[in-house]
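# Results of the structural survey
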Amino acid sequence: MIQLSKFSSSDLMISTGVSVTFGNVTYPVLGTSDNEENSVYRFRSNMIDYIENIYIFKNSKEIKMFLISNYDLIQILLDAQKHIYKVFGQVPIYLELYHDPEEEWDELFILIKTQYSPEEAVNLENQLFEEWFASILDKVSGKLNFTEEPL
């Protein structure tokens, strides 16, 4: 039996076993003729597609595969946007996957593109860390990080 997790994003509404609605777009979750495994995959794929509408993916294929393997990051990425906008304002937000084959690790970075001076950017990064990232660090350690970069 599939159990869908509840999301707290205000843009997201889940009708268990029926559909997921993001704003004005509705995606089917479970079809009557599809098996549950395909439905779960489609649901996850649809969630990742929604994330791609929020963030600019730098290496799209790799990011999507990483998110399929680290599905627990989806809700965190959905929530991150409001925290970033609160601190930095309406700025472009990118996702980029970094890979180190020698050390055998992958880490997804949220890249916040701004026109702030270096000093102000560091202050805002520290503020974002204190107000949001510190509280989720234990959930994302080694899988997700963020940084500010100039436009």
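Let us look at the structure shown here. Keep in mind that what you see is a predicted model, and the values were worked out from it rather than measured.

Even without a glycine there, the phi angle at E104 is positive, about 60 degrees. Topologically, E104 is positioned in the loop between β5 (93–100) and β6 (105–114).

All right, on to the nonpolar core then. Formed by 36 residues in total, the largest nonpolar core has its most connected members in Y55, L67 and I110. Elements with a minimum of two residues in this core: α1 (36–54), α2 (60–69), α3 (73–88), β5, β6, α4 (118–140) and β7 (144–150). The element that contributes the greatest number of residues to this core is α3, accounting for nine residues. In this structure, this core is formed jointly by two domains, domain 1 (1–52) and domain 2 (55–151), each of which donates at least three residues. The residues contacting Y55, other than those within four sequence positions of it, are L77, A80, Q81, I93, Y94, L95 and I110.

Time to look at the packing of aromatic side chains. The tally for this structure, following the rule as stated, stands at six aromatic pairs. With a centroid separation of 5.1 Å and an interplanar angle of 65 degrees, the aromatic rings of F133 and F146 are classed as edge-to-face. With F133 in helix α4 and F146 in strand β7, the pair connects residues that are 13 residues apart, well separated along the chain. Here F133 and F146 have matching classes, each one buried. For K58, the ring lying beneath its charged end belongs to Y94, and the centroid distance is 5.6 Å. A cation sits over an aromatic face here: K113 above Y94, 5.2 Å from the ring centre.

The rules behind the values
Residues numbered from 1 in each chain as written. Predicted model: local features only at pLDDT ≥ 70, side-chain atom pairs only at ≥ 80, totals over all residues. Heavy atoms only, no water. Helix = DSSP H or I, 4+ residues; strand = E, 2+ residues; numbered from the N terminus. Core = buried A, V, L, I, M, F, W, Y, C linked by side-chain atoms within 4.5 Å. Buried < 20%, exposed > 50% of the residue type's maximum accessible area, 1.4 Å probe, protein only. Domains from an automatic or database assignment. Contact = heavy atoms within 4.5 Å. Phe/Tyr/Trp six-rings, centres within 6.5 Å; stacked < 30°, edge-to-face > 60°. Lys NZ or Arg CZ within 6 Å of the ring centre and 35° of its normal.

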